[in-house]
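# Secondary and tertiary structure notes
Here's the letter readout for the chains.
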Amino acid sequence: MKITVVGTGYVGLVSGACLADVGNDVLCLDVDAGKIRILEEGGIPIHEPGLLEIVRRNVAAGRLSFTTDIERAVAHGAVQFIAVGTPPDEDGSADLQYVLAAARNIGRYMDGYRVIVDKSTVPVGTGDKVKAAIAEELSKRSADLPFSVVSNPEFLKEGAAVEDFMRPDRIVVGAEDERAIESMRQLYAPFQRNHDKLVFMDVRSAELTKYAANAMLATRISFMNELANLAETLGADIELVRQGIGSDPRIGWHFLYAGCGYGGSCFPKDVKALIKTADEHGHKLKVLGAVEDANEAQKHVLIDKIVARFGDDLSGRRFALWGLAFKPNTDDMREAPSRVIIAELFRRGATVAAYDPVAMDETRRIFGDEARLSYVDRPMKALEEADALVIVTEWKEFRSPDFDRIRGLLRQPVLFDGRNMYDPAVMRESGLEYHGIGRR
Ligand code: UDX
């Protein structure tokens, strides 16, 4: 099939590359000439495992190409994916200007039937707005051309996006006419292994499904974080509680890990946007409001522990930070707990030596030229002259460090673990003073 993907961000590029990989002819459009140049030169503008290989393979095979030419892009695909950003407005609602601009361009240049697929995470009702924008452009040029608008939200985890696209657990499609349903069936046939993964529904339900999924997962995390904080007070261990409840199939094992708060481009934004949408329709989402508040508080939990141990005035103190990205396998720093932790350490007069396998450039971009923040190229180097080690992201390379060396290098053998990576008993034996989240 001929497919156009508008937007070469993380969702657009992964979708475009994976769709090319199963044999489609995919053209990716972006208004950002810089991004297109990187792609044309054989690079990718983001860090995502496995993506570069897929992009290169499909470019070489002639199935994947890139352009800034809007007219050409609209002419190319029978299916037009909209995968542009929906950044939060100041009030937390999703900014639809890029989605609607893409829709208008399609209306302006289309010359025959098109299926327009919303892949961006958009508030319920956006499908209707996209439809209206296209219809308006068509009527401006008195063109009476058929088109369908489909909602097909993505459930791609950063760091595992290629795998998630290639082996989805479900493919949610909101489509309301047979022609569009048939196109989507054909498009996703190569991904239908083992069992039927397509879940067809109306457009609004599909739009809400995306928010429901992320809100549910964010809720689990905030709830576990809250239980972890309580466990500490009660002298219980959240890790044992997790094992005790995860085996109930109604609860399940995933997303039950207490930590120093969730971040990233999706959970915080989608939780805010859903609260806002509900507000606009006269519903107060009490549970989700609490989920958000709890997460904001959780990003301060490590600071609270540091202050309890070292006092509020941290001037002259230095902290080693392992991990900056909001989660492993990405350089994404959006809403990362590390940002709050660094800012709070600075506010109390401390300096920071940070290590992250891939997110240091991104951090440098955010904090600029900052004398209080130094970057090191090996985890152990961060510990020299540091009063304590703070772990913020659970990168695999931190799983089994040399604890004797950690103890030897630190000024004081204190470890704050925001991701519960280690066994408190092992820590005790290593002579490290261990502060986990909700651990006994
Ligand atoms: C998420 C959804 O998982 C994905 O389906 C959706 O399309 C986009 O949003 P992503 O933001 O890439 O993906 O990251 P995810 O792996 O879901 O983690 C989100 C945050 O939750 C991270 O900050 C992570 O550290 C945190 N988390 C996750 C926990 O604190 N505890 C857990 O048990 C799981």
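- Looking at an unreviewed UniProt entry, one finds the protein chain named UDP-glucose 6-dehydrogenase, with Azoarcus indigens as its source organism.
- Annotation of the protein chain in UniProt includes, under Function (unreviewed entry), the sentence "Catalyzes the conversion of UDP-glucose into UDP-glucuronate, one of the precursors of teichuronic acid."
- For the record of the protein chain, the UniProt heading Sequence similarities (unreviewed entry) holds the text "Belongs to the UDP-glucose/GDP-mannose dehydrogenase family."

## Remarks on unusual backbone geometry
- In the Ramachandran plot, Asn 329 falls in the positive-phi region, its phi being about 65° despite a non-glycine side chain.
- Of note, Asn 329 is situated in the loop between β9 (318-322) and α14 (337-347).
- Of note in this structure, Glu 385 is not a glycine but carries a positive phi near 70°.
- Structurally, the position occupied by Glu 385 is in the loop between β11 (373-375) and β12 (388-391).
- What makes Glu 385 exposed here is the crowd of 12 C-beta atoms within 10 Å.

## Some thoughts on the domain arrangement of the protein chain
- Domains assigned within the protein chain are domain 1 (2-201), domain 2 (211-296) and domain 3 (299-435).
- Taken together, the contacts link 10 residues of domain 1 with nine residues of domain 2.
- Looking at the side of domain 1 that touches domain 2, its residues break down into five nonpolar, three polar and two charged.

## Concerning the environment of Asp 95
- Within the secondary structure, Asp 95 sits in the loop between β4 (79-82) and α5 (97-109).
- Ignoring any residue separated from it by four or fewer positions in sequence, one finds Asp 95 in contact with Thr 86, Pro 87, Pro 88 and Asp 89.

Quick notes on the rules
- Going along each chain's sequence as written, the residues are numbered from 1 onward.
- Restriction of local features to residues with pLDDT of at least 70 applies here, the model being predicted, together with a cutoff of 80 or more for giving and counting side-chain atom pairs; totals for whole chains, interfaces and linings are based on all residues.
- UniProt positions are given in the numbering used here, feature names are shortened, and annotations may be inferred rather than shown by experiment.
- Starting at the N terminus, helices and strands are each numbered in turn, a helix being any DSSP run of H or I of at least four residues and a strand any DSSP run of E of at least two.
- Partly exposed residues are those whose C-beta has more than 12 but fewer than 20 other C-beta atoms within 10 Å; 20 or more makes a residue buried and 12 or fewer makes it exposed, with C-beta atoms placed from the backbone.
- Domain segmentation is taken from an automatic or database assignment of domains.
- By the criterion used throughout, residues are in contact when their C-beta atoms, derived from the backbone, lie within 7 Å.
- Classes in brief: Ala, Val, Leu, Ile, Met, Phe, Trp, Tyr, Cys and Pro nonpolar; Asp, Glu, Lys and Arg charged; the others, Gly included, polar.

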